[in-house]
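# Structure assessment
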Amino acid sequence: MEYDKSVINRLKRIEGQIRGVLNMIEQNKDCREVITQLSASRTGIDRTIGLIVSMNLEQCVRENIENGEDRKELVKEAVNLLVKSR
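Residues numbered from 1 in each chain as written. Predicted model: local features only at pLDDT ≥ 70, side-chain atom pairs only at ≥ 80, totals over all residues. Heavy atoms only, no water.

An unreviewed UniProt entry lists the protein under the name Metal-sensitive transcriptional regulator, with Oceanobacillus luteolus given as the organism.

Take a look at the structure:
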């Protein structure tokens, strides 16, 4: 699987958000602010998971079409990955 540069950029942004949360905790910031930032980080992670699964599914389906293989199992696996990530 080749990952798009946008995936790496998303993960770097999330990494920065987590560092920011750590700083907020060290500075004893209000818990509402900390939770808001943690929620934003979680949303970013969820979206990145969805992006990776969809990119992988697209690539695998394309390869299966070329090889004349069944795509139903791939779609089922992708859905399971998304469900597992929640």
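### Observations concerning the packing of helix α1 (residues 5-26) against helix α2 (residues 31-67)
Relative orientation of the contacting elements α1 and α2 amounts to 160°, with a least axis distance of 9 Å. Judged by the inter-axis angle, α1 sits roughly antiparallel to α2. Handedness of the α1/α2 crossing: left-handed. (Axes fitted to C-alpha atoms, helices over the stretch in contact; angles between N-to-C directions. Helix = DSSP H or I, 4+ residues; strand = E, 2+ residues; numbered from the N terminus. Parallel < 35°, antiparallel > 145°, perpendicular 65-115°, else oblique. Left-handed = near helix turned anticlockwise from the far one by under 90°.)

### Concerning the pattern of salt bridges
Going through the model one piece at a time under the given rule, you end up with 2 salt bridges. Its salt-bridge partner being Glu15, residue Arg19 comes within 3.0 Å of it at the nearest N-O pair. Placement of the pair is Arg19 and Glu15 together in helix α1, with a separation of 4 residues, close to one helical turn. Taking the relative accessible area as the measure of exposure, Glu15 reaches 41% and is therefore partly exposed. Of the charged contacts in the structure, one is a salt bridge between Asp30 and Arg32, with a shortest N-O distance of 3.0 Å. Note on Arg32: relative accessible area 61%, which makes it exposed. (Salt bridge = Lys/Arg side-chain N within 4 Å of Asp/Glu carboxyl O. Buried < 20%, exposed > 50% of the residue type's maximum accessible area, 1.4 Å probe, protein only.)

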